[in-house]
Amino acid sequence: QVQLVGSGGGLVQPGGSLRLSCAASGISFSFYAMAWYRQAPEKQRELVAAITNFGTTNYPESVKGRFTISRVNTKNTVYLQMNNLKPEDTAVYYCNAKRGLSGGRYNDYWGQGTQVTVSS
């Protein structure tokens, strides 16, 4: 059974920091690309950070320079360090694991989401 368990969310003031964690089980973690997405109320889910199984990272302009994704394969865990948080970062943050298979198919798994609220 595949599980992605996210943690570390909470309430923080603007300019503050949080670190999210996502612990994976039931998958060969080192073979998976990992990512964090977020979804604010009445908005579509959007990518905020991604890291390949080789460690290559990717960020949208909205978080570049403020967010850092990392992974520790020996712990089956991916992290999202978020600095200089802004009210517009408020959302539910989801962990994602994806691996390409033969024939163009994918294994694609999601965590349960963790709430991040940035407010004074």
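Everything that follows concerns the structure shown earlier in this document.
In this text, all values refer to a predicted model and were calculated from it rather than measured experimentally.

## Let's talk about the pattern of salt bridges
Move 1: On inspection of all chains with the given rule, the structure shows four salt bridges.
Move 2: Measuring nitrogen to oxygen at the nearest pair gives 3.0 Å for the salt bridge that ties Glu61 to Lys64.
Move 3: By relative accessible area, Glu61 is classed as exposed at 63%.
Move 4: Its relative accessible area of 46% is what places Lys64 among the partly exposed residues.
Move 5: As a salt-bridge pair, Arg66 and Asp89 come within 2.8 Å of each other at their nearest N and O atoms. Placement of the pair is Arg66 in the loop between strand 6 (57-58) and strand 7 (67-72) and Asp89 in the loop between strand 8 (77-82) and strand 9 (91-100), with a sequence separation of 23 residues.
Move 6: According to the relative accessible area criterion, Arg66 is buried, its value standing at 8%.
Move 7: Salt bridges sharing common partners tie together Arg38, Glu46, Arg66 and Asp89.

## Comments concerning the sheet that holds strand 8
Move 1: The four strands lie next to each other as 1-3-8-7, forming an open sheet whose pairing is antiparallel. Of all the strands in the sheet, just strand 1 (3-7) and strand 7 have a single pairing partner and so form its edges. For this sheet the average axis-to-axis angle between neighbouring strands, irrespective of direction, equals 15 degrees.

## Comments concerning the side chain of Thr77
Move 1: Checked against the element boundaries, Thr77 lands in strand 8.
Move 2: Reaching out from Thr77, the side chain makes a polar contact with the backbone oxygen of Lys75 at a distance of 2.7 Å.
Move 3: Look past the residues within four positions of Thr77 in its chain and what remains in contact with it is Ser21, Cys22, Ala23, Phe29, Ser70, Arg71 and Val72.

## Examining the pairing of strand 3 (residues 18-25)
Move 1: For strand 1 and strand 3, the ladder comprises five bridges, and the chain directions are antiparallel. The residue bridging Gln3 from the neighbouring strand is Ser25, located in strand 3.
Move 2: Relative to strand 8, strand 3 runs antiparallel, the two being bridged by six bridges. The residue bridging Ala23 from the neighbouring strand is Thr77, located in strand 8.

## Focus: unusual backbone geometry
Move 1: For Asn76, which is not glycine, the phi torsion reads 50 degrees and is therefore positive.
Move 2: Along the polypeptide, Asn76 turns up in the loop between strand 7 and strand 8.

## Description of the nonpolar core
Move 1: Judged by nonpolar contacts, the single largest core of 29 residues is most densely connected at Met34, Trp36, Val78, Leu80, Met82 and Tyr93.
Move 2: Only strand 3, strand 4 (33-39), strand 5 (46-51), strand 7, strand 8, strand 9 and strand 11 (114-118) provide two or more residues apiece to this core.

What counts, and where the lines are drawn
Residues numbered from 1 in each chain as written. Predicted model: local features only at pLDDT ≥ 70, side-chain atom pairs only at ≥ 80, totals over all residues. Heavy atoms only, no water. Salt bridge = Lys/Arg side-chain N within 4 Å of Asp/Glu carboxyl O. Buried < 20%, exposed > 50% of the residue type's maximum accessible area, 1.4 Å probe, protein only. Helix = DSSP H or I, 4+ residues; strand = E, 2+ residues; numbered from the N terminus. Pairing = 2+ DSSP bridges. Axes fitted to C-alpha atoms, helices over the stretch in contact; angles between N-to-C directions. Polar contact = N/O pair within 3.5 Å; in protein donor to acceptor, adjacent residues only side chain to side chain. Contact = heavy atoms within 4.5 Å. Core = buried A, V, L, I, M, F, W, Y, C linked by side-chain atoms within 4.5 Å.

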